[in-house]
Each structure stands twice: as C-alpha cells, then as structure tokens.
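Results of the structural survey
The chain contents come next:
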Amino acid sequence: MIRHAISTAGLLALVLTACGPSEEQRQAAAEAAARAREARLAPTLAVYREAKARQDWVLALASAEVLLADGPGSAAAAEASEGLEALREAAAAQREAQRLRALWAYTSTPVEGRPVPQKAASIRNQRPEDDAASFAVPPTVQLVLRNDPRWGQSVYLVIEEGLFDCGRPCAFRIGFDGAAPRRFAGEASSTGTRPALFIKDDAGFIRALEGAARVSIQAADGRGPVLEFETGGYDPVRYRTGG
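Because the structure is a prediction, the values reported are computed rather than measured.

About the criteria used
Residues numbered from 1 in each chain as written. Predicted model: local features only at pLDDT ≥ 70, side-chain atom pairs only at ≥ 80, totals over all residues. Heavy atoms only, no water. Salt bridge = Lys/Arg side-chain N within 4 Å of Asp/Glu carboxyl O. Helix = DSSP H or I, 4+ residues; strand = E, 2+ residues; numbered from the N terminus. Buried < 20%, exposed > 50% of the residue type's maximum accessible area, 1.4 Å probe, protein only. Contact = heavy atoms within 4.5 Å. Disulfide = S-S within 2.5 Å. Axes fitted to C-alpha atoms, helices over the stretch in contact; angles between N-to-C directions. Parallel < 35°, antiparallel > 145°, perpendicular 65-115°, else oblique. Left-handed = near helix turned anticlockwise from the far one by under 90°. Nonpolar A, V, L, I, M, F, W, Y, C, P; charged D, E, K, R; others polar. Pairing = 2+ DSSP bridges.

1. Some words on the pattern of salt bridges
The full count for this structure, using the stated rule, is nine salt bridges. In this structure, Arg88 engages Glu85 in a salt bridge whose closest nitrogen and oxygen atoms are separated by 2.6 Å. Note that Arg88 and Glu85 are positioned in helix α5 (residues 84-102) at a spacing of three residues, about one turn of the helix. Take Arg88: its relative accessible area is 32%, and that puts it in the partly exposed class.

2. A few points about the environment of Ser154
Looking at where Ser154 falls in the secondary structure, it is placed in strand β4 (residues 152-161). Once the C-alpha coordinates of Ser154 and Ile199 are considered, the two residues, 45 residues apart in sequence, prove to be 7.6 Å apart. The residues contacting Ser154, other than those within four sequence positions of it, are Val144, Leu145, Arg146, Phe198 and Asp202.

3. A look at the state of the cysteines
In total, this model carries one disulfide according to the counting rule given. Put simply, Cys166 and Cys170 are joined by a disulfide, and their sulfur atoms are 2.1 Å apart. The S-S bond linking Cys166 to Cys170 shows a torsion near -120°; that makes this disulfide left-handed. Given a relative accessible area of 1%, Cys166 falls into the buried group.

4. As for the packing of helix α3 (residues 57-70) against α5
Think of two packed helices as two axes; the pair is described by the angle between the axes and how far apart they sit. Running from N to C, α3 and α5 cross one another at 140°; their axes reach a closest spacing of 8 Å. For the element pair α3 / α5, the angle class is oblique. Our pair here, α3 against α5, has a crossing hand that is left-handed. Only Leu84, Leu87, Arg88, Ala90, Ala91, Gln94, Arg95 and Gln98 of α5 make contact with α3, whose side of the interface consists of Trp57, Val58, Ala60, Leu61, Ala64, Glu65 and Leu68. Tallied by class, residues from the contact of α3 with α5 come to ten nonpolar, two polar and three charged.

5. Comments concerning the pairing of strand β5 (residues 171-176)
Successive residues of a regular strand alternate their side chains across the two faces of the sheet. With five of its six residues buried, β5 lies for the most part within the structure. The pairing of β5 with strand β6 (residues 182-190) spans four bridges and is antiparallel. Pairing of Ile174 across the sheet is with Arg182, part of β6. What sits between β5 and β6 in their antiparallel hairpin is a turn of five residues, with Asp177 showing a positive phi close to 55°. Bridge count between β5 and strand β8 (residues 214-219): five bridges; the pairing is antiparallel. What sits directly across from Gly175, in β8, is Ser216.

6. Let's talk about the sheet that holds strand β9 (residues 227-230)
Strand order in the open sheet formed by nine strands is β1-β2-β3-β4-β7-β6-β5-β8-β9, with antiparallel pairing between adjacent strands. In this open sheet, the two strands that pair with only one neighbour each are β1 (105-109) and β9. Going across the sheet, the axis of each strand differs from the next one's by a mean of 30°, ignoring polarity. Where helix α6 (residues 202-209) meets the sheet, its contacts fall on β3 (140-148), β4, β5, β6, β7 (195-199) and β8, and the angle it forms with β4 comes to roughly 75°.

Here's what the structure looks like:
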C-alpha cells in the first residue's frame, strides 16, 4: 500500500508538471504581452514623436509622461525618458511664452472710405492683489498701440478702472527691463468713452518696446502708482498686420 501511494504521488507530480507551462511557453507569453503593450502605447508614442518634430514641447512632455506612467519598462517609455529633464525645461519655457503672447490682443478694424483698416495691439497692466489694509484701488490701465489711416500711429493709455494721472504738464517716466527710466512727453485726451493719456513719441516708445520683457510707466513727477506691463509676448508682425 505504501509503495502504491508513493507511486501514485509521483505520478500525480509528473502529471501536474506536464500540465504546467514550459519555459518556452512562459517566454512566448511574456513576449506576446510585451508586443501587446507596445501596440497599445504606439498611438501615444506617435504623438510624442510628431510633437517633438514640430517643437511642440508642451504636447511632447504630456505624451512622454503618459508613456512613462502607462508603460514602465517598455521600449516606448525608454524612448520617452531620454532627455526628459531638457524636455521639461523646454516645455516650461514654451508655456511661459504662450502665456505672455496671450496677454496681448490684436485687432484690425475697417475704416469707412479707407482701403486700409485701423490696426491695434493692446495689453493691460499687472494688477497686484488688493491690499486689505488699504482703501486704495489699484488702477486697471490698457496700453494701446494704434495705427489709423486717418490719424497715423499713436500710443496711449486707457484708464479703465481706478485713478492714474500723468501730471501737469502731462509726462511719463518709462522704464524698459529695469533700465533707468526715460522721460516721455504726454497729452491727456479721451477715447470718447474713457480718459486716454497719449505718449507723444510713439515711434521711440515702440522701438524700445520691441524686445523688452517688462515696461513700467509712472507720471514724470513721481506721484501716483507705477504701472507694470509684461510685454515680452509682443509681436510686431501681428501689430502691423492686425492679426
């Protein structure tokens, strides 16, 4: 009986071993699973490659992060991990450039009786958080560059909210990228609906504006608030074309 039981146990072990997958089968199954994973990641990998080719670093980074999260250990994830830190830096710079460009608005407005439209570019000043301990209202001011076929080119400030005065006589102290402020003569007028303060040397201002990341404007007499504009996204071509 004992011998019979041992023989039966040995036979059962042999049967179970025979029923289990072989090493070759396990390897084949693993390779099939790896191929299936690469196939599942292929569309995202294609987006990643295309985004890099056209230097859309923000989309490339988003695609790389999906590949790393969904396919650790895959060939697709290994490709996405190459130069990842440099890609993150490029994407951050691109997002900042997009943010700065979005601060500007460009318009092209038909002028009756004229073949050329009025073209304009505008940006609002940065508004700091209101000081809860103060009753002062930070002004909201729009800086406008305008080229009109009837009146030519102008640069002016539109006071949308709060108070900003250019003094008597009207003049400004304007700084570009932290350089020593320059004096610009001004003129108080109106847009028809809101007060407007014109910077007389429009050409000189626009020359200095091109390439400047920040512009600060204050009344020349030093009174009143300093208006800060993040101007690094200014596009002179879009201003000239109105688009």
